[in-house]
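Examining the three-dimensional arrangement
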Amino acid sequence: MTAHSLLAGRTIIITGAATGIGQAFALGASAQGAHVVVADMNSAAQTMALIAQAGGRATEVRVDVSDPASVQAMADAALQATGRIDGLVNNAAYFREVTLTPFEELDPAQWDRIFAVNVKGVWQCCKAVMPAMRRQGSGAIVNIASVVAVAGQPGYLHYVATKGAVLSMTKGLAKECGPMGVRVNVIAPGFVITDATRNRPVEWQQSFLKARAISREQKPDDLVGTALYLMSDLAAFVSGQTIVVDGGHIMY
Ligand SMILES: NC(=O)c1ccc[n+]([C@@H]2O[C@H](COP(=O)([O-])OP(=O)(O)OC[C@H]3O[C@@H](n4cnc5c(N)ncnc54)[C@H](O)[C@@H]3O)[C@@H](O)[C@H]2O)c1
């Protein structure tokens, strides 16, 4: 295994890969030799261009992870491109639209929408890739939760609840998919600077920074190594695990 071949020959679907953390995952997986399926409900032209500039190969797919037909079309497109699906990173989320709101004032329609994307979406994506992974007898799924699922966070109850569901689903899926040769793990990022969070109150950002063992801003690239490890054979005996990547704030 060379330093640039952790994922050589593998096809990896990354949802929410148009921007932010998903884009960083896509570039990292491509640099390690994967054919990346860049899946997002918005244009992922920038991610595609960056992968092409670096000499990688990728397929762009428009998907709404809350829509089962759209998710099936995403899996079909991956199979059409390369004939296999080795990995899935469930990164897309209803997140940047979330605003600080006391739980008693949350809009029920927003509650349903966030569960449709963040929970049902993860289930649908796992379901869509499973026939290919079962056929191959191998696969790796990495879900993206959040430290708020471990530590709690006032004002975001619907979002916190969805990420808690992602942690639990990871464990249930790991047990159910292990016999098929499929590993399922979850990363819980801390507060990461992306377009989704840049406008959060400065005091809020500072409070996270101060609480960290490594007291600096967290960037999307800080999560890439953990995701690549979990997708690769280096983690061949690791399943059902939650890895908190937050600079040593929450020690879980
Ligand atoms: N940024 C943080 O501080 C932070 C912290 C913890 C966890 N996370 C999680 O990390 C992930 C990425 O966060 P980010 O900061 O990069 O957010 P972001 O908003 O920049 O990126 C999310 C991407 O998902 C896409 N998306 C949203 N809904 C979708 C849908 N229904 N179908 C397909 N694509 C959809 C968006 O178009 C966007 O490209 C999310 O799961 C988020 O909950 C982020």
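These numbers come from a predicted model, not from an experiment. Here the residue index of a chain counts from 1 through its sequence in written order. Predicted model: local features are reported for residues with pLDDT of at least 70 only, side-chain atom pairs are reported and counted for 80 or more only, and whole-chain, interface and lining totals are derived from all residues. For side-chain calculations, the full set of non-hydrogen atoms in the structure is used, while hydrogens and water are omitted.

Okay, the site of the ligand next. Among the 29 residues in the neighbourhood of the ligand, the closest are listed as D40, N91, Y159, V192 and T194. Nitrogen and oxygen atoms within 3.5 Å of one another constitute a polar contact, given that in protein one can donate a hydrogen and the other can accept it, and given that sequence-neighbouring residues count only through two side-chain atoms. Within the backbone of V63, one N or O atom sits 3.4 Å away from a nitrogen atom of the ligand. Backbone polar atom of V65 to a nitrogen atom of the ligand: 3.0 Å apart, as the coordinates give it. Exposure was quantified through the Shrake-Rupley algorithm and a 1.4 Å probe, taking into account, for residues, occlusion by the shown protein chains and nothing else. Protein contacts shield 97% of the accessible area of the ligand, which totals 820 Å² for the unbound molecule. Every definition here rests on a 1 Å grid over the protein atoms only: cavities are sets of points where a 1.4 Å probe fits but cannot get out, pockets are open sets enclosed by protein on both sides within 12 Å along at least five of seven lines, and lining residues have some atom within 4 Å of a point. For this analysis, a molecule is said to be in a pocket or cavity if more than half of its atoms are within 2 Å of the grid points defining it. In this structure the site holding the ligand corresponds to the largest pocket. If you list the elements that add at least two residues to the shell around the ligand, you get α1 (20–31) and α6 (157–177). Partitioned by chemical class, the residues of the shell around the ligand number 16 nonpolar, 9 polar and 4 charged. The rule for a residue being near a molecule or strand is that one of its heavy atoms must lie within 4 Å of it. Helix and strand definitions follow DSSP, with helices as H or I runs of at least four residues and strands as E runs of at least two, each counted in order from the N terminus. Residues are grouped as follows: Ala, Val, Leu, Ile, Met, Phe, Trp, Tyr, Cys and Pro are nonpolar; Asp, Glu, Lys and Arg are charged; every other residue, Gly included, is polar.

For the rest of this paragraph, the subject is the side chain of R183. For R183, the location among the structural elements is in strand β6 (residues 182–189). A polar contact is formed between the side chain of R183 and the backbone oxygen of L230, at a distance of 2.8 Å. Separated by 3.3 Å, the side chain of R183 and the backbone oxygen of V238 make a polar contact. Any two residues having at least one pair of non-hydrogen atoms within 4.5 Å are treated as being in contact. Excluding residues that lie within four positions of it along the chain, R183 makes contacts with G139, A140, I141, L230, M231, S232, A235, A236, F237, V238 and S239.

The tendency in soluble globular proteins is for nonpolar side chains to be buried side by side. Side-chain atoms within 4.5 Å link the members of a nonpolar core, which is a set of buried Ala, Val, Leu, Ile, Met, Phe, Trp, Tyr and Cys residues. Buried residues are those whose accessible area, probed at 1.4 Å on protein chains only, stays under 20% of the maximum for their type, while exposed residues exceed 50% and partly exposed ones sit between those limits. With 39 residues, the main nonpolar core has I13, M74, I85 and I141 as its most contacted residues. Listed by contribution, the elements that provide at least two residues to this core are β2 (35–40), α3 (68–82), α4 (108–136), α6 and β6. With 10 residues, the single largest contributor to this core is α4.

By the element assignment, Q23 lies in helix α1. Residue contacts for Q23: discarding those within four places in its chain leaves G16, A17, A18, Q46, T47 and L50.

That's the geometry; what it means functionally is another story.
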